[in-house]
Amino acid sequence: MEARKVTLELILSNHNANCQTCERSWMDCELQALANKLSVDMVRFEGENKKLPLDVGVSIVRDPNKCILCGDCVRVCEESIGMGIIDFAKRGYNMQVTPAFGRKLSETDCISCGQCSAVCPTGAITVYNQIGPAWRAIHDPSKRVVVQIAPAVRVAVGEAFGLPEGSNVMGKIVAALHRMGFDEVFDTTYTADQRKMRARHANGCNIQQEEVWLQIVRVGDVFCTHYSLDGERFDMVRLFHLP
């Protein structure tokens, strides 16, 4: 037990401990939980605490200053997703978890699946948080804010709130979003299902794709992709808000 406590103190001595503003702090920081479990109330060592730059991508934020080199993100990216975007680099005290050649995630073939952030025990890898900009847009009277709901969300949100598995809470989600202040709420179930159904029969067929921009009054900007499959036309629509 004492050896584990000393090891944890050594990790904490070189860890960016800005817990007040860390996204993991109010969620499920395993480092905090382990420190509480082992009764680590003070750190007897003082690390170098290097200040490494943040890697802010489109959907993933990587903070190497909070990384404890557990390797969970490396394994899930390589073994579960099959991408191998990040791995261990350098040796000894200078070891880091990073994309090859010190590149940013946006410069790699990362598909932004978010599995690395899901298994990260600290705040080293998190999903890009847009809660602040969203609230500012909602309270801006000059903007009409639109939200799009993916098909899987209607069930995942219910499970997160402890409802029986498979419960469809689409109505509750729409009502909550309108109460929060969103002007328009769109459901992409139909177009998502259409895409999946057509994709199953697309193998060996001649698919022609063209992209056009449409403007719809009171809704905002709509990016509509038209597909033509064996002479039959169907649409996949993505709705989003532009200031």
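Refer to the structure presented above.
All values derive from a computational prediction rather than experimental measurement. (Residues numbered from 1 in each chain as written. Predicted model: local features only at pLDDT ≥ 70, side-chain atom pairs only at ≥ 80, totals over all residues. Heavy atoms only, no water.)

1. Thoughts on the state of the cysteines
- Counted under the stated rule, the structure contains 0 disulfides.
- Lacking any disulfide linkage, Cys-73 is separated from the closest cysteine sulfur, that of Cys-70, by 6.1 Å.
- The class for Cys-73 is buried, based on a relative accessible area of 8%.
- In this structure Cys-77 is not part of a disulfide, and its nearest cysteine sulfur, from Cys-113, lies 6.7 Å away.
- Overall, the relative accessible area of 11% leaves Cys-77 in the buried class. (Disulfide = S-S within 2.5 Å. Buried < 20%, exposed > 50% of the residue type's maximum accessible area, 1.4 Å probe, protein only.)

2. Observations regarding unusual backbone geometry
- Although it is not a glycine, Ser-39 adopts a positive phi angle of roughly 60°.
- Mapped onto the elements, Ser-39 comes out in the loop between α2 (30-37) and β1 (55-56).
- On the accessibility criterion, Ser-39 (48% relative accessible area) is partly exposed.
- Phi angles above zero are rare outside glycine, and Ser-112 is one such case at about 55°.
- Residue position: Ser-112 is located in the loop between β4 (96-99) and α4 (115-119).
- You can call Ser-112 partly exposed: its relative accessible area is 38%. (Helix = DSSP H or I, 4+ residues; strand = E, 2+ residues; numbered from the N terminus.)

3. Here we look at the pattern of salt bridges
- Scanning the model with the defined rule gives 5 salt bridges in all.
- In this structure, Arg-144 and Glu-184 form a salt bridge, with 2.9 Å as the shortest nitrogen-oxygen distance. Pair noted here: Arg-144 is in the loop between α5 (131-138) and β6 (146-149) and Glu-184 is in strand β7 (residues 184-187), with a separation of 40 residues, a long-range link.
- What makes Arg-144 partly exposed here is its relative accessible area of 32%.
- Within the structure, one salt-bridge network assembled from shared partners comprises Glu-2, Glu-9 and Arg-44. (Salt bridge = Lys/Arg side-chain N within 4 Å of Asp/Glu carboxyl O.)

4. A word on the side chain of Lys-66
- Residue position: Lys-66 is located in the loop between β2 (60-62) and α3 (72-80).
- It is Asp-63 that comes nearest to the buried, bridge-free Lys-66 among opposite-charge side chains, at 4.0 Å.
- When neighbours within four sequence positions are excluded, Lys-66 is seen to be in contact with His-15, Asn-16, Cys-22, Thr-122, Gly-123 and Ala-124. (Lys, Arg positive; Asp, Glu negative; His and termini not counted. Contact = heavy atoms within 4.5 Å.)

5. Comments concerning the pairing of β4
- With 4 bridges connecting them, strand β3 (residues 86-89) and β4 associate as antiparallel partners. Looking at the pairing, Phe-88 lines up with Val-97 of β4.
- Following β3, the chain reverses through 6 residues before pairing antiparallel with β4; Lys-90 in that reversal takes a positive phi of roughly 65°. (Pairing = 2+ DSSP bridges.)

6. With respect to the packing of helix α1 (residues 2-13) against α2
- Contact geometry for α1 and α2: axes closest at 11 Å, N-to-C directions at 140°. It follows that α1 is oblique to α2 by the angle criterion. In this structure, α1 crosses over α2, and the sense of that crossing is left-handed. Contacts between α1 and α2 pair Arg-4, Leu-8, Ile-11 and Leu-12 from the former with Leu-31, Leu-34 and Ala-35 from the latter.
- Looking at the contact of α1 with α2 residue by residue, the class counts come to 6 nonpolar, no polar and 1 charged. (Axes fitted to C-alpha atoms, helices over the stretch in contact; angles between N-to-C directions. Parallel < 35°, antiparallel > 145°, perpendicular 65-115°, else oblique. Left-handed = near helix turned anticlockwise from the far one by under 90°. Nonpolar A, V, L, I, M, F, W, Y, C, P; charged D, E, K, R; others polar.)

7. Some remarks on the sheet that holds β1
- On the basis of which strands lie adjacent, the open sheet formed by 3 strands has the order β1-β2-β5 and antiparallel pairing. In this open sheet, the two edge strands, each paired with only one partner strand, are β1 and β5 (125-127).
- Here β2 runs beside β5; their pairing, made up of 3 bridges, is antiparallel. Within the sheet, the bridge partner assigned to Arg-62 lies in β5 and is Ile-125.

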